[in-house]
Amino acid sequence: MANFSNQMRLSSTLLRRLHQRVAAAVNSSSSRNFTTTEGHRPTIVHKRSLDILHDPWFNKGTAFSFTERDRLHIRGLLPPNVMSFEQQIARFMADLKRLEVQARDGPSDPYVLAKWRILNRLHDRNETLYYKVLMENIEEYSPIVYTPTVGLVCQKYSGLFRRPRGMYFSAEDRGEMMSMVYNWPADQVDMIVVTDGSRILGLGDLGIQGIGIAIGKLDLYVAAAGINPQRVLPVMIDVGTDNENLLKDPLYLGLQDHRLDGEEYIEVIDEFMEAVFTRWPHVIVQFEDFQSKWAFKLLQRYRNNYRMFNDDVQGTAGVAIAGLLGAVRAQGRPMIDFPKMKIVVAGAGSAGIGVLNAARKTMARMLGNTEIAFESARSQFWVVDAKGLITEARENVDPDARPFARKIKEIERQGLSEGATLAEVVREVKPDVLLGLSACGGLFSKEVLEALKHSTSTRPAIFPMSNPTRNAECTPEEAFSILGENIIFASGSPFKDVDLGNGHVGHCNQANNMFLFPGIGLGTLLSGSRIVSDGMLQAAAECLAAYITEEEVLKGIIYPSISRIRDITKEVAAAVVKEAIEEDLAEGYREMDSRELRKLDEAQISEFVENNMWSPDYPTLVYKKD
Ligand SMILES: NC(=O)c1ccc[n+]([C@@H]2O[C@H](COP(=O)([O-])OP(=O)(O)OC[C@H]3O[C@@H](n4cnc5c(N)ncnc54)[C@H](O)[C@@H]3O)[C@@H](O)[C@H]2O)c1
Ligand SMILES: O=C(O)C[C@H](O)C(=O)O
Ligand SMILES: [Mg+2]
């Protein structure tokens, strides 16, 4: 009986669908052949929101008009630029042709883009299988779905875009965001990664195409931190672009206006924050790849009121601190010697300044955490930006960089002056560490690396941390060939170890914030802390630093291999939860309320974290009528 009624229901659904499709076909053929009003009769559909976008029969992709987007509850689920049918065809054809051109980035593999497409299609069809494949082959595929290939994907995103993923809030949506946010189908969202596309890796302003970076980061949240993929949300805030090529490109998917600035810009971001925290009060928002100009301001604006952090400023700082402490240990020195390190930093943007502030604070803490300690730690850093060495003689020095501007008398004694080149600074300072966050590929030239030969360190550390691969300040081959094997090398994008030709191998570490942000997010979620405190970030960095054994460090290994990312993320998350409890910030997660959390010992916190990490296994499915 039940079977029969099911069949009846099925056949009536089928009949209805058939009817709709015939009607749609009649409508479209009539609109092609006749100009009667008959041709404009609408097609009745029985679905809205993502269902309509996922139905290949009714989906128009980027061609949905704004009124249709409102009517069908899909506003915000598509990039804001409405494309004509002709433009859609041109975009598809341009992309197809592009496959014939070799990829210029990625781990020297001409097929990286093709691999990304295949993985992306799997992501669209079957998430469980996708994450299983990604996790089991994380070393091979993280460079495809994440840095460096994700950079190439962002550069070509208007052509690569097929199915929507994530949400788009644009300047055109002002006043609408609070309702739009309900167009997202999931009632629970744990993690949002948001970008405005203004500084994607070292590739500059990529406008709306930057959503690729938010998607890539969330892939790591699922694979490394075990955040349920149904509870992640990549977001692009499209306030325009200042990229002249994109402004002219007829196939670009974002708003073709210059970026909003000042109060207008802040109002858009404020509206977005209010909307997402109204619908999902417990969500954590990770800010990603905002240009420095806004990265710090937005962080200060929101960090005490919302569960948010900036990955480029705070995640990168923690990863760099862990690596710097590793570099001290690798010289056979105790960690407490860190405040004696001379550090030259090339790049004073959001990442560089984030690292400088955190390194200075860490040194000051080691020296007794006094005002004097904080002041004296300042003199361990020399900062070089696009205009050379930053000194107090510089006019209009960026306020965030000002604390690191060298005193003129001091540097004159060192034989340097305002605007000295990186090579001059390295030659005179003879630093223990040369760290690059300049987005300037090849900046650590032969001349600079030759100058580093005179470092007073027994094992100088070179950190070309800029992404993607072609923006790295130097390659490991260049570093090891000029400086020999007694160095520490750590780059932002992955490189292969170098065969030194004497039976030895030059180890390439990957100094990337991927070792921290998933654990910071997971730890914040599970602790239920209302904010991401400095202490929680510090605990994450210290946990990463302590993860590497003495034996590994002496071999030049200062970061774990990506194959251990799930394990390190679990540890980092546990350290973050522990710190949140100690700071009395932990409000608990689900049945584990704050009182229960406080009863847990270290091992139990680890177990609690592990038990709450999602794994890609197929669940049993049972049908239930609405
Ligand atoms: N490895 C990581 O985990 C990680 C994390 C964050 C950012 N990054 C990378 O760091 C880079 C910079 O990011 P950002 O947000 O700070 O960018 P940004 O644009 O805000 O800053 C770049 C800085 O580099 C300076 N610069 C440019 N050319 C230079 C030159 N020739 N010599 C010295 N300095 C120069 C600029 O003056 C500026 O201060 C990007 O490539 C990004 O991908 C890496
Ligand atoms: O995305 C990365 O690989 C690291 C970092 O967030 C960056 O902006 O370069
Ligand atoms: Mg980033």
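In this convention, every chain numbers its residues from 1, walking through the sequence in written order. A letter from A marks each chain and a number from 1 marks each ligand, given out in the order of writing. In view of the model being predicted, local features appear only for residues whose pLDDT reaches at least 70, and side-chain atom pairs are presented and counted only at 80 or more, with totals across whole chains, interfaces and linings using the full set of residues. Water and hydrogen atoms were dropped before computing side-chain values, which therefore reflect all heavy atoms in the structure.

Stated formally: UniProt positions are given in the numbering used here, feature names are shortened, and annotations may be inferred rather than shown by experiment.
In the annotation of an unreviewed UniProt entry, the protein chain is listed under the name Malic enzyme and assigned to Solanum stoloniferum. UniProt's Subcellular location (unreviewed entry) comment on the protein chain is quoted here verbatim: "Mitochondrion matrix". Per UniProt, the protein chain carries the Catalytic activity (unreviewed entry) text "(S)-malate + NAD(+) = pyruvate + CO2 + NADH".

### Topic: the packing of aromatic side chains
What counts here: Only centres within 6.5 Å qualify two rings of Phe, Tyr or Trp (six-membered ring in Trp) as a pair; their planes then separate them into stacked at under 30 degrees, edge-to-face at over 60, and tilted for everything else. Only when the NZ atom of a Lys or the CZ atom of an Arg is both within 6 Å of the ring centre and within 35 degrees of the ring normal do we say a charge sits over the ring.
A complete count under the given rule lists 14 aromatic pairs for this structure. Following the ring pairs from residue to residue traces out a cluster consisting of Phe277, Phe287, Phe290, Tyr302 and Tyr306. Looking at Arg360, its charged tip hangs above the ring of Phe374, at a distance of 3.9 Å from the centre. Over the ring of Phe404 we find Arg360; its NZ or CZ atom is 5.7 Å from the centre of that ring.

### What about a nonpolar patch on the surface?
Short version of the rule: Patches here are clusters of residues that have more than 30% relative accessible area and form no salt bridge, with a 9 Å joining cutoff for like charges and a 5 Å cutoff for nonpolar side chains (Val, Leu, Ile, Met, Phe, Trp, Tyr). Accessibility throughout is a Shrake-Rupley quantity obtained with a 1.4 Å probe, and a residue counts as covered only by protein chains that appear here. What counts as a salt bridge is simple: a side-chain nitrogen of Lys or Arg found within 4 Å of a carboxyl oxygen of Asp or Glu. Numbering goes from the N terminus for both helices and strands, where a helix is a DSSP run of H or I of at least four residues and a strand is a run of E of at least two. Working definition: with a 1.4 Å probe on protein chains only, accessible area under 20% of the residue-type maximum means buried, over 50% means exposed, and in between means partly exposed.
On the surface, Phe85, Ile89, Phe92 and Met93 cluster together into a nonpolar patch covering about 400 Å² of accessible area. Along the chain, Met93 falls in helix 4 (residues 85-98). In this structure Met93 comes out as partly exposed when scored by relative accessible area, which is 36%.

### Things to note about the coordination of the magnesium ion (ligand 3)
Formally: Only nitrogen, oxygen and sulfur atoms within 2.8 Å of the metal, or 3.2 Å for Na, K and Ca, are treated as donors, and water is left out, so sites may look incomplete.
Protein coordination at the magnesium ion (ligand 3) comes from Glu288 (OE), Asp289 (OD) and Asp312 (OD), with a distance range of 2.0 to 2.1 Å. Each donor residue of the magnesium ion (ligand 3) lies on the same chain, and together they follow the pattern E-D-x22-D. Pair noted here: Glu288 is in the loop between strand 4 (284-287) and helix 14 (292-302) and Asp312 is in helix 15 (residues 311-330), with a separation of 24 residues, a long-range link. Taking the relative accessible area as the measure of exposure, Asp312 reaches 6% and is therefore buried.

### Comments concerning the site of ligand 2
Rules: Distances are taken per atom, and a residue is near a molecule or strand as soon as one of its heavy atoms is within 4 Å of it. Throughout this description, a polar contact denotes any pair of N or O atoms lying within 3.5 Å of each other; where both atoms belong to protein, one of them has to be capable of donating a hydrogen while the other can accept it, and for residues adjacent in sequence the pair is counted only when both atoms sit in side chains.
The environment of ligand 2 is made up of Tyr146, Thr147, Arg199, Leu201, Lys217, Glu288, Asp289, Asp311, Asp312, Asn467, Asn512 and Asn513. Measuring from an oxygen atom of ligand 2, one finds a side-chain N or O atom of Tyr146 at 3.3 Å. Within the contact set of ligand 2, an oxygen atom lies 2.8 Å away from a side-chain nitrogen or oxygen of Asn467. In isolation ligand 2 has 260 Å² of accessible area, and contact with the protein removes 92% of it.

### A word on helix 27 (residues 602-611)
Threshold: Here the arc refers to the directions that run from the helix axis out to each C-beta atom. Contact definition: two residues touch when any of their heavy atoms are within 4.5 Å.
Along helix 27, the residues classified as buried are Ile605, Phe608 and Val609. Down the axis of helix 27, the smallest arc covering the buried residues is 100°, so these residues share one side. Summarising the geometry of helix 27, the exposed residues directed more than 90 degrees from the buried face are Ala603 and Asn611. Residues of helix 27 that are buried in the fold lie against helix 22 (517-527), helix 25 (565-582), strand 15 (588-589), strand 16 (592-593) and helix 26 (594-599).

### Digging into the sheet that holds strand 5 (residues 308-310)
The criterion, for reference: Two strands pair if DSSP finds at least two bridges between them. Angles here are taken between N-to-C directions and fall from 0 to 180 degrees, while the axes themselves are lines fitted to C-alpha atoms, restricted in helices to the stretch in contact.
The 5 strands are arranged 1-3-2-4-5 in an open sheet whose pairing can be described as parallel. For this open sheet the edge positions go to strand 1 (167-170) and strand 5, each flanked by a neighbour on one side alone. Averaged over neighbouring strand pairs, the angle between their axes works out to 20° when direction is ignored. Relative to strand 3 (residues 232-238), strand 1 runs parallel, the two being bridged by 4 bridges. By the bridge assignment for strand 3, Met167 is matched with Val235. The sheet strands contacting helix 13 (residues 262-279) are strand 1, strand 2 (191-195), strand 3, strand 4 and strand 5, and the helix crosses strand 4 at an angle near 150°.

### Structural notes on the site of ligand 1
Near ligand 1, the surroundings consist of 26 residues, among which Arg199, Ser292, Ala348, Ser350 and Asn513 are the closest. Between Ala351 and ligand 1, the recorded distance is 3.0 Å, taken from a backbone N or O atom to an oxygen atom. With respect to ligand 1, the backbone of Met465 contributes an N or O atom lying 3.0 Å from a nitrogen atom. Taking 870 Å² as the accessible area of ligand 1 by itself, protein coverage stands at 84%. Sorting the residues of the shell around ligand 1 by element identifies helix 15, helix 16 (350-366) and strand 7 (381-385) as the ones contributing at least two each.

### Thoughts on the side chain of Asp238
As a reminder, the rule being used: In summary, the charge assignment counts Lys and Arg as positive and Asp and Glu as negative, without counting His or the chain termini.
Tracing the sequence through the fold places Asp238 in strand 3. Here Asp238 sits buried without a salt bridge, and the closest side chain of opposite charge, Arg259, lies 6.4 Å off (N-O distance). When near neighbours in sequence (up to four residues on either side) are disregarded, Asp238 contacts Pro80, Phe169, Ser170, Ala171, Ile208, Gly254 and Leu255.

### Section: the sheet that holds strand 9 (residues 433-436)
Across the sheet, which stays open at both edges, the 7 strands sit in the order 8-7-6-9-10-11-14 with mixed pairing between neighbours. In this open sheet, the two strands that pair with only one neighbour each are strand 8 (388-389) and strand 14 (508-510). Relative to strand 7, strand 6 (residues 343-346) runs parallel, the two sharing 4 bridges. Bridge pairing in strand 7 places Ile343 opposite Phe381. On the sheet, helix 21 (residues 476-483) packs against strand 10 (461-464), strand 11 (488-491) and strand 14 and is oriented at approximately 165° with respect to strand 11.

### Here's the deal with the nonpolar core
The criterion, for reference: Throughout this description, the term nonpolar core refers to a set of buried Ala, Val, Leu, Ile, Met, Phe, Trp, Tyr and Cys residues connected via side-chain atoms within 4.5 Å.
Ile192, Phe272, Val285, Phe287 and Phe463 are the most contacted members of the largest nonpolar core, which totals 170 residues. Examining the composition of this core, we find that 11 residues originate from one element, helix 15, more than from any other. Those residues within four positions of Phe272 in sequence are excluded, and the remaining contacts are Phe169, Met177, Ile192, Val194, Val235, Ile237 and Val285. Ranked by size, the runner-up nonpolar core spans 29 residues in total, among them Ala423, Val448, Leu452 and Ile482.

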